[in-house]
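# Architecture and fold: a report
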Amino acid sequence: MGLDDLPAVQVIERAAFSAPWPANAYRTELETNKLAHYLVVRVGDEVAGFAGLWLMVDEAHVTTFAIAPAWRRNHLAERLLVAILDIALDRRATEATLEVRLSNLPARRLYEKFGFRPVGIRPRYYSDNSEDALIMTTEPLRSPEMVARLAERRGALASVAEPVRVEPPPRPGTDRGA
Ligand SMILES: CC(C)(COP(=O)(O)OP(=O)(O)OC[C@H]1O[C@@H](n2cnc3c(N)ncnc32)[C@H](O)[C@@H]1OP(=O)(O)O)[C@@H](O)C(=O)NCCC(=O)NCCS
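Figured I'd write up the structure that's included with this text. (Residues numbered from 1 in each chain as written. Predicted model: local features only at pLDDT ≥ 70, side-chain atom pairs only at ≥ 80, totals over all residues. Heavy atoms only, no water.)

### Examining the environment of Val147
Inclusion rule: In this description a helix means any DSSP run of H or I spanning at least four residues, a strand means any run of E spanning at least two, and both kinds are numbered starting from the N terminus. Exposed residues in this analysis have more than 50% of their type's maximum accessible area, buried residues have under 20%, and partly exposed residues fall in between, with area computed by a 1.4 Å probe over protein chains only. Residue contacts are counted whenever heavy atoms from the two residues lie within 4.5 Å of one another.
You can see Val147 is positioned in helix H5 (residues 144-158). Given the relative accessible area of 46%, Val147 is considered partly exposed. With 67 residues separating them along the chain, Val147 and Leu80 place their C-alpha atoms 17 Å apart. Once you skip the residues sitting within four places of it in the chain, Val147 turns out to touch Leu141 and Arg142.

### Observations regarding H5
To be explicit about the condition: Working rule for helices: expected span equals 1.5 Å times residues minus one. This arc is taken over the directions from the axis of the helix to the C-beta atoms.
Counted at 1.5 Å a residue, the expected span for H5 with its 15 residues is 21 Å, and the 21 Å between its end C-alpha atoms agrees. All of the buried residues in H5 are Met146, Leu150, Arg153 and Leu157. Along the axis of H5, the buried residues cluster in a sector spanning 65 degrees; they form a single face. In H5, those exposed residues whose orientation departs by more than 90 degrees from the buried face are Pro144 and Ala158. Next to the buried residues of H5 lie helix H3 (76-90) and helix H4 (105-113).

### A short note on the environment of Asn129
Operational definition: Definition of a polar contact: a pair of N or O atoms within 3.5 Å, with one able to donate and the other able to accept a hydrogen when the atoms are protein atoms, and with sequence-neighbouring residues admitted only if both atoms are side-chain atoms.
Within the secondary structure, Asn129 sits in the loop between strand S5 (117-126) and strand S6 (131-137). Reaching out from Asn129, the side chain makes a polar contact with the side chain of Arg101 at a distance of 3.0 Å.

### With respect to the sheet that holds strand S3 (residues 59-67)
Note the cut-off: Following DSSP output, two strands are said to pair if at least two bridges run between them. Only C-alpha atoms enter the line fits that serve as axes; for helices the fit covers just the stretch in contact. Angles between N-to-C directions range over 0 to 180 degrees.
Sheet architecture is open: 6 strands sit in the order S1-S2-S3-S4-S6-S5, paired in mixed fashion. Of all the strands in the sheet, just strand S1 (36-43) and S5 have a single pairing partner and so form its edges. Ignoring which end each strand starts from, the neighbouring axes of this sheet average 25 degrees apart. Relative to S6, strand S4 (residues 95-101) runs antiparallel, the two being bridged by 5 bridges. Each bridged residue has a counterpart across the sheet, and for Val100 the counterpart in S6 is Leu134. Seen against the sheet, helix H1 (residues 6-16) touches S1, strand S2 (46-56) and S3 and runs at an angle of roughly 85 degrees to S2.

### Quick notes on unusual backbone geometry
Most peptide bonds take the trans form, and the phi angle of most residues other than glycine is negative. The phi torsion at Arg92 lies on the positive side, around 65 degrees, for a residue other than glycine. On the basis of relative accessible area, Arg92 is assigned to the exposed category, the value being 59%. Even without a glycine there, the phi angle at Arg124 is positive, about 50 degrees. Position of Arg124 relative to the elements: it lies in strand S5. In this structure Arg124 comes out as exposed when scored by relative accessible area, which is 60%.

### Regarding a nonpolar patch on the surface
What counts, and what does not: Exposure above 30% relative accessible area and the absence of a salt bridge qualify a residue for a patch, where like charges join within 9 Å and nonpolar side chains (Val, Leu, Ile, Met, Phe, Trp, Tyr) within 5 Å. Where accessible areas are quoted, they stem from the Shrake-Rupley method and a 1.4 Å probe; at the residue level, only the protein chains shown are allowed to cover. A pairing counts as a salt bridge when a side-chain nitrogen of Lys or Arg comes within 4 Å of a carboxyl oxygen of Asp or Glu.
On the surface, a nonpolar cluster with roughly 300 Å² of combined accessible area is contributed by Leu35, Met56 and Val57. As for its placement among the helices and strands, Val57 is situated in the loop between S2 and S3.

### Let's talk about the side chain of Glu29
You can see Glu29 is positioned in helix H2 (residues 25-32). Separated by 2.5 Å, the side chains of Glu29 and Tyr38 make a polar contact. Not counting residues up to four positions away in its chain, the partners in contact with Glu29 are Trp21, Ala36, Tyr38 and Trp54.

This is a description of form; function is not addressed.
Below, the structure written as structure tokens:
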């Protein structure tokens, strides 16, 4: 993610989350947070989604994660997750963690596919509706299970169809979660 991507990121942020980050939050992260890595996934020239990662000692923490509504169900989230786990591995993180709303089943299914497992609850974590956060963590990133799982996901992604844009009907955002 670069500064030029921020207008598109803001549009996706507002479409994806009921409690979006303030407009300058991504700029501040990009300009000042040396622990942070932010990625976008593009289809052609269009920013279709983004993800954020903080690398803290040996832990990789997913801070944000969203795909634009029109580009969902094209395995783009999976591609992004592979990319951020690759960064985590490259920076020698030993595990990856995140928080997700308990009710956010699409995101939970996505993370489970990549070996994230529930390890705890942060009660009333989300201030907009007091929903609990589920804390999810991977097996050690270099464990045989995770290495095999990532290789399997990477292989599956190599043969998925080209993404197709489907403009969804207008609807309120879902949730801030990662
Ligand atoms: C969650 C989200 C990132 C998924 O993005 P996506 O690009 O549509 O996901 P993918 O196409 O890569 O799907 C990967 C897997 O995630 C799960 N998944 C994705 N959307 C799902 C849905 N609507 N229902 C159930 N499972 C879903 C499935 O396991 C899917 O694999 P499958 O297609 O083999 O069933 C997207 O819905 C989104 O941006 N939601 C709003 C923001 C958000 O919730 N972010 C996460 C915060 S923690």
